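Breakdown of the fold
Listed here are the chains, written in short residue letters.
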Amino acid sequence: AGVEILPVICFPPKWARPISAHVPEWKRFVKELLTHYKGRFSAVEVWNEENHEGFWANPDPADYIRLLKVSYQAVKAADPSVRVVMGGLAGRCDSYFTTLLRDGRDWFDIVAIHPYNWGYAPDYKPSQTIWEKISGKSSGKCPGANGMIDEFLAEMGKQGVSKPVWITECGYPTHAEGQTEANQS
């Protein structure tokens, strides 16, 4: 009791990529999916890390919001009781998230985030994450996983969005720089 599956609806077949060019087909797919599985789950997540190049080519919040809107409409048409979870965001709170809150707030019931801290304890505040060292991309000092959550919540407050926040992915890798053998055990 208390454990539920959260289906993540994403990754269409190659013929339907980029998905932003196949929104009507996507909407039909989502509606059929929710109709077929009606009553089996209470929430669905629409995409995964849509703000990351590895999961969405050329991430654009406007493209994702269009997809999120038709997904929300399809889900609610098939089963109004199912909650729509926006795709969990990779990384820190940024302008992508601000745009989602400002322009897409009507098309999700739950905010999803992925506050990874790349090998450090959730409350550790390194000056630079491992990813920033590897990629050469820096967004300033890493606030730690707990700090990232605070950033997301603060931005929601600024945008006047009061919805539940789910951490739909997280981790505490022990293989990364910064972890001693003693810490790993």
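Just so it is clear, the model here is predicted, and its values are computed rather than measured. Counting from 1, residues in each chain are numbered in the order their sequence is written. Totals for whole chains, interfaces and linings use every residue, but because this is a predicted model, local features are given only for residues with pLDDT of at least 70 and side-chain atom pairs only at 80 or more, for both listing and counting. Side-chain numbers here rest on the full set of heavy atoms in the structure, without hydrogens or water.

The next thing to look at is the packing of helix 1 (residues 23-36) against helix 2 (residues 61-78). Angular values range over 0 to 180 degrees, each being the angle between N-to-C directions of two axes fitted as lines to C-alpha atoms, with helices fitted over their stretch in contact. Strands are runs of DSSP state E lasting at least two residues, helices are runs of H or I lasting at least four, and both sets are numbered from the N terminus onward. Close contact between helix 1 and helix 2 brings their axes to 8 Å; oriented N to C, the two are set at 30°. By the angle between their axes, helix 1 is roughly parallel relative to helix 2. The handedness of the crossing between helix 1 and helix 2 is right-handed. Along the contact surface, helix 1 presents Val23, Trp26, Lys27, Val30, Lys31, Leu34 and Thr35, while helix 2 presents Arg66, Leu67, Val70, Ser71, Gln73, Ala74, Val75, Ala77 and Ala78. Note on residue categories: nonpolar means Ala, Val, Leu, Ile, Met, Phe, Trp, Tyr, Cys or Pro, charged means Asp, Glu, Lys or Arg, and polar means any other residue, Gly included. Residue classes in the contact of helix 1 with helix 2 are distributed as ten nonpolar, three polar and three charged. To sort the angles, those under 35 degrees are grouped as roughly parallel, those over 145 as roughly antiparallel, those from 65 to 115 as roughly perpendicular, and the leftovers as oblique. The sense of a crossing depends on the near helix, which, turned anticlockwise from the far helix by less than a right angle, makes the crossing left-handed and, turned clockwise, makes it right-handed. Every residue pair with non-hydrogen atoms within 4.5 Å of one another is taken to be in contact.

Moving on, we come to the sheet that holds strand 1 (residues 8-9). Between any two strands, pairing holds if DSSP finds at least two bridges. One open sheet holds the five strands; their spatial order is 1-2-3-4-5, and the pairing between them is parallel. Two strands lie at the open edges of the sheet, namely strand 1 and strand 5 (165-167), each paired on one side alone. Examined bridge by bridge, strand 4 (residues 111-114) and strand 5 share three bridges and lie parallel to one another. Pairing of Val111 across the sheet is with Val165, part of strand 5. Against the sheet, helix 2 engages strand 2 (43-48) and strand 3 (83-90), with an angle of about 155° to strand 3. Against the sheet, helix 3 (residues 95-104) touches strand 3 and strand 4, its axis set at about 165° to strand 3.

Take the packing of helix 2 against helix 3 next. Orientation of helix 2 relative to helix 3, taken along the N-to-C sense of each, is 40°, at an axis distance of 10 Å. On the basis of the axis angle, helix 2 is oblique to helix 3. For helix 2 against helix 3, the interelement crossing comes out right-handed. From helix 2, Pro61, Tyr64, Ile65 and Leu68 reach across to helix 3, where they touch Tyr96, Thr99, Leu100, Asp103 and Gly104. For the contact of helix 2 with helix 3, a count of residues per class yields six nonpolar, two polar and one charged.

All right, on to the packing of aromatic side chains then. Each aromatic pair joins two rings of Phe, Tyr and Trp (for Trp, the six-membered one) with centres within 6.5 Å, and gets the label stacked for planes under 30 degrees apart, edge-to-face for over 60, and tilted for any other angle. Across all of its chains, the model carries nine aromatic pairs by this definition. Taking 5.8 Å as the distance between ring centres and 70° as the angle between the ring planes, the aromatic pair formed by Tyr72 and Trp107 counts as edge-to-face. On the criterion of sequence distance, the pair formed by Tyr72 in helix 2 and Trp107 in the loop between helix 3 and strand 4 is long-range, its members being 35 residues apart. By the ring-pair criterion, three or more aromatic residues cluster together here, those being Phe11, Trp26, Phe29, Trp47, Phe55, Trp56 and Tyr64. Cation over ring: Lys163 sits above Phe108, and NZ or CZ is 4.5 Å from the ring centre. Definition used: whenever NZ (Lys) or CZ (Arg) falls within 6 Å of the ring centre and also within 35 degrees of the ring normal, the charge is taken to sit over that ring.

Attention shifts here to the side chain of Thr98. Relative to the elements of secondary structure, Thr98 occurs in helix 3. You can call Thr98 buried: its relative accessible area is 18%. Non-local contacts of Thr98, meaning those with residues more than four positions away in its chain, are made with Glu155 and Gln159. Only protein chains enter the area calculation, which uses a 1.4 Å probe; residues under 20% of their type maximum are buried, those over 50% are exposed, and those in between are partly exposed.

Take Asn51: it is sitting in the loop between strand 2 and helix 2. Residue Asn51 is classed as buried on the basis of its relative accessible area, which comes to 16%. Polar contact criterion, stated in full: a pair of N or O atoms within 3.5 Å, where within protein one must be able to donate a hydrogen and the other to accept it, and residues adjacent in sequence count only if both atoms are side-chain atoms. Within the local environment of Asn51, its side chain forms a polar contact with the backbone oxygen of Ala90, the two atoms lying 2.8 Å apart. Each residue touching Asn51, except ones within four places of it in the same chain, is listed here: Pro59, Leu89, Ala90 and Tyr96.

So, on to the pairing of strand 4. Residues Val111 and Ile113 point to one face of strand 4 and Ala112 and His114 to the other, with burial holding for every one of them. Inspection of the sheet shows strand 3 paired to strand 4 by two bridges, in the parallel sense. Bridge pairing in strand 4 places Leu89 opposite Ile113. Think of it like this: strands point away, you trace from the first strand over the helix to the second, and a clockwise trace means the crossover is right-handed. Once the chain exits strand 3 it traverses helix 3 before rejoining the sheet at strand 4, and the crossover so formed is right-handed.

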